[in-house]
Amino acid sequence: MPKIVVIGAGIVGTSLADELTARGATDVTVVDRGPLFATGGSTSHAPGLVFQTNPSKTMTAFARYTVEKFCTLDHPDGWAFNQVGGLEVAATPERWADLHRKSGWAQAWGIEGRLLSADECAALHPLVDRDRILGGFHTPTDGLAKAVRAAEAQARRAIARGAAFLPHTEVLGVVEKAGRVAGVRTSDGVIDADVVVCAAGFWGAELARQVDLVLPLVPMAHQYARTGQIAPLVGRNTERAEAGLPILRHQDADLYFREHGDRIGIGSYCHRPMPVDMSTLMADTAGEAMPSMLPFTDDDFAPAWSAATELLPALADSKVEEAFNGIFSFTPDGFSIMGEHRDLAGFWVAEAVWVTHSAGVAKATAEWILDGTPAVDVSECDLYRFEDVARSPAFVMQTSSQAFVEVYDVIHPYQFRSALRGLRTSPFHARHRELGAHFYEGGGWERPAWFEANAGLTADLDIPERDEWSARHWSPISVAEAHVTRERVAMYDMTPLTRYEVAGPGAAAFLQRMTTNNIDKSVGSVTYTLMLDEAGGIRSDLTVARLGPTTFQVGANSPRDFDWLDRHRPDDVVLRDITGGTCCIGVWGPLARDMVQPLCKDDLSHNAFRYFRALRTYLGALPVTMMRVSYVGELGWEIYTSADYGGALWDLLFEAGRDHGVIAAGRVAFNSLRIEKGYRSWGTDMTTEHRPAEAGLDFAVRMDKGDFVGRAALEQAPPPQKTLRSIVFDDPAAVVLGKEPVYAAGDCVGYVTSAGYSPTVGRTIAYAWLPAGADTGDPVTVDYRGTRHRTTVHAEPVLDPDMLRIRR
Ligand code: FAD
Ligand code: THG
């Protein structure tokens, strides 16, 4: 068992010590610069509201585990968790509709919850003015955490198993030896360690900088105030219980509430973002009891107070008696930051974690450190999920500030930030703008979603009207673009598709070991393959093109793939991300060959240039690599070249396609076409929580090819309990967007992952995780923001099961 030092005795560090020692770690030391256990960090004054339901399945799982665990904690002073339930009220029609969506997430992720009328809300929380609200969402298992007690109770369990906690011990530096962590240097001398975990809360970014690690988090002040006595509360709560009413969110006004005996605590996000400059903080408040508390700024609270008294009129007879601006971490995407430093083995982080998710994050981190693989998919929280640009100080500051502003906003799944756009553009960007592209953002890239230039193509199509929500950030033009792809030919910007060059004498053996399929084939081969973790969960799906005996081009999904490959890379392999300097156009559709062949001296016929083969050649004067691969399921190629030739390549192809009716088409069409064809999108349809057989990807696993990462786990794997299936909606006008709960015979049995309207079938098609027993033809219903849609489990792929469209 490794010798482990945890930096920070807040809710994360204490919980981690408990989880580590529970898994048999015997040598665990937790150090904190402050006293125990009110250390002066964020945990010391967190009001401890735990609302479990979150759009993210992972974050919800973290919260659910935290609740389950906190309910079992003992502390001599009383409860660590008071399960008063949670109530979120809607003051606007938009929020009321959104609570239906939230209710769907709760169902899908297994949190008990119910939508209530305004009267029912008022009955549950008598301070609420029922005339101000339209209804609410009640979750009986939510509640209040007593964060310091929960921290101490978990620390005591760890101490009983041998862990040590050292107060007033500041970590000043990290000791390294031969690229590994060797210990920490503290105010009291060096403590040796094989593993160091940074759980230093909002101090974490500064600590990590010492070991050349960027933690994209911003310490931000957030206002919390307590009123004086509220008449209707007097005598309701015992001092011991503190609260009996559900914790309350009024998100339309960026507020939350809890009881403190006969007083009310109000948390407000209804103020300007107040990023904290750590250098001023340390100088000003070091040595004070609570470095994480800043003086209250009254002016910022004025709108919060007026909105609070509107919702809870009884507050008006009181006033704010105690208040402060408390500090905790915000990140660009709102997720926590977890993982191990790639260049300094043994240095781990568990950062930007709310009390709500703390035990779940701690458990996953302990599993990751000790067993190698967390049970829950942690990709959304992965330390290496960030693109280079997203680690720049300017990006981190702006997007984290935006995350603060939007923390309680209703966020549409296709709503992208407006600031810091245009950071990454393909060489075709100017052409896209000329064609009236509407852009989505992904990984810093501007990605055309559809083109206004194609508006005229919708005329002959019967495209159902959408409801207001699903019509946002969507256009019927996308349906026409998908249709033209199936009928004629379309050009797609594939530049943002992450690409690596893997080269060197060991490249083939390396990729063979890292992935599930046989990639050690002839030069010119392209292989669809999976990367698994040690537990057999799917980490990514890739295409591997062998461009030379020792040179491969890998099509990947995210910076996490680079990280995973780089960690395992032997010295005789060079790994290079070539996405930035190159570009790619997907030319797909029945007329693709007619359009491209005249530009090329090489024979592009079906037998000369076969499906899943690659060719280095020229189109006109331009050097290109062509791959006969199609994520949309049509005849055609991905055509790669370096960025400098990009503009010329676009023009050459677009001109060549003129007589064939070529169009530029966008992401929305792309997505619906790949769903028709049965192709999965990693991170949405499947994650590390799924093995290949469950995700319907067994065909990409070659158990007979020799050892690979995850193979041993697959051999031991039980038969699938759940499987990813295609479902087709009965009503042509029905639309879903993803993450909706799925019901069979009245019970929630799964959830939707992704969906798209299929112009070919004239219905929405979706993927859903369903029990393994679900049969083709079975009826299941999907709850879309309170509306039940009937669907039918379909055989896969829904379109072209005989591959006639691709292999021709
Ligand atoms: P901390 O509690 O800050 O612990 C980090 C520890 O690291 C500190 O004790 C610090 O002293 C120590 N440390 C730092 N640097 C060093 C060093 N160099 N050497 C040694 N020790 C070091 N979350 C919720 O879930 N629900 C809520 O209702 C809620 N309300 C909040 C209200 C306010 C006003 C605030 C400020 C936060 C709120 N939060 C809430 C957020 C929550 O409090 C934090 O996210 C959480 O407590 C962070 O826990 P932590 O263990 O990561 O950090
Ligand atoms: N193009 C390239 N690389 C990629 C993607 C891509 N890497 C990441 C991601 N997208 C991978 N996803 C897929 C999913 C399916 C297919 C290709 C990439 C695909 N599947 C065939 C099938 O399932 O029938 C594979 C057939 C076979 O194995 O022969 O084409 O879009 N470059």
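Residues numbered from 1 in each chain as written. Chains lettered and ligands numbered in written order. Predicted model: local features only at pLDDT ≥ 70, side-chain atom pairs only at ≥ 80, totals over all residues. Heavy atoms only, no water.

Another aspect to go through is the UniProt feature "domain: GCVT N-terminal" (unreviewed entry) in the protein. The UniProt record annotates "domain: GCVT N-terminal" (unreviewed entry) at residues 428–705. Split by type, residues 428–705 is 26% helix and 29% strand. Its first and last C-alpha atoms lie 41 Å apart. (UniProt positions renumbered as here; feature names shortened; annotations may be inferred. Helix = DSSP H or I, 4+ residues; strand = E, 2+ residues; numbered from the N terminus.)

A separate point is the sheet that holds strand β10 (residues 171–177). In sheet architecture, strand pairing relies on hydrogen bonds along the backbone and comes in two forms, parallel and antiparallel. The 3 strands lie next to each other as β10-β11-β12, forming an open sheet whose pairing is antiparallel. Where the open sheet ends on each side, the last strands, each with one partner, are β10 and β12 (189–192). Neighbour-to-neighbour, the strand axes of the sheet open up by a mean angle of 30°, direction not taken into account. Note: β10 against strand β11 (residues 180–186), 6 bridges, orientation antiparallel. Note that in β11 the partner of V174 across the bridge is V184. (Pairing = 2+ DSSP bridges. Axes fitted to C-alpha atoms, helices over the stretch in contact; angles between N-to-C directions.)

Enumeration according to the criterion identifies 27 aromatic pairs in this entry. An aromatic cluster is present here, built from Y224, Y256, Y269, F324, F328, F330, W354, F404 and Y408 joined pairwise through their rings. Residue placement shows K363 over the ring face of Y65; its charged tip is 5.3 Å from the ring centre. One residue, R788, lies across the ring of Y743, its end atom 3.7 Å from the ring centre. (Phe/Tyr/Trp six-rings, centres within 6.5 Å; stacked < 30°, edge-to-face > 60°. Lys NZ or Arg CZ within 6 Å of the ring centre and 35° of its normal.)

Taking burial as the measure, the 6 residues of strand β23 (residues 437–442) include 5 buried ones, the bulk of the element. Bridge count between β23 and strand β24 (residues 445–451): 6 bridges; the pairing is antiparallel. If you follow F439 over to β24, its bridge partner there is P448. Between β23 and β24, which follow one another and run antiparallel, lie 2 residues, and G443 among them has a positive phi close to 60°. (Buried < 20%, exposed > 50% of the residue type's maximum accessible area, 1.4 Å probe, protein only.)

This brings us to the environment of T792. For T792, the location among the structural elements is in strand β41 (residues 787–794). A residue is classified by how much of its surface remains accessible, and T792, at 28% relative accessible area, is partly exposed. In this structure, the C-alpha to C-alpha distance between T792 and R567, residues 225 residues apart in sequence, is 43 Å. A polar side-chain atom of T792 sits 3.2 Å from a polar atom in the side chain of D730. (Polar contact = N/O pair within 3.5 Å; in protein donor to acceptor, adjacent residues only side chain to side chain.)

Ligand 2 sits among 15 residues. The nearest are D541, T543, G555, E638 and Y679. Between ligand 2 and D541 there is a distance of 3.1 Å, counted from a nitrogen atom to a side-chain nitrogen or oxygen. Take E638: an N or O atom from its side chain is 2.6 Å from a nitrogen atom of ligand 2. Protein contact buries 87% of the 650 Å² of open area that ligand 2 shows by itself. The set of elements that each furnish at least two residues to the shell around ligand 2 consists of β28 (538–548), β29 (551–556) and β34 (636–642). In the shell around ligand 2, the residues fall into 10 nonpolar, 3 polar and 2 charged. (Near = heavy atom within 4 Å. Areas by Shrake-Rupley, 256 points an atom, 1.4 Å probe, with all protein chains shown as cover. Nonpolar A, V, L, I, M, F, W, Y, C, P; charged D, E, K, R; others polar.)

Side-chain pairs of opposite charge can arise whenever the charged atoms involved come near each other. A full pass over the atoms with the stated rule returns 53 salt bridges. A salt bridge links D388 to R391, with the nearest nitrogen and oxygen atoms 2.6 Å apart. The class of D388 is exposed, set by a relative accessible area of 62%. R691 is the salt-bridge partner of E694, the closest N and O atoms lying 4.0 Å from each other. (Salt bridge = Lys/Arg side-chain N within 4 Å of Asp/Glu carboxyl O.)

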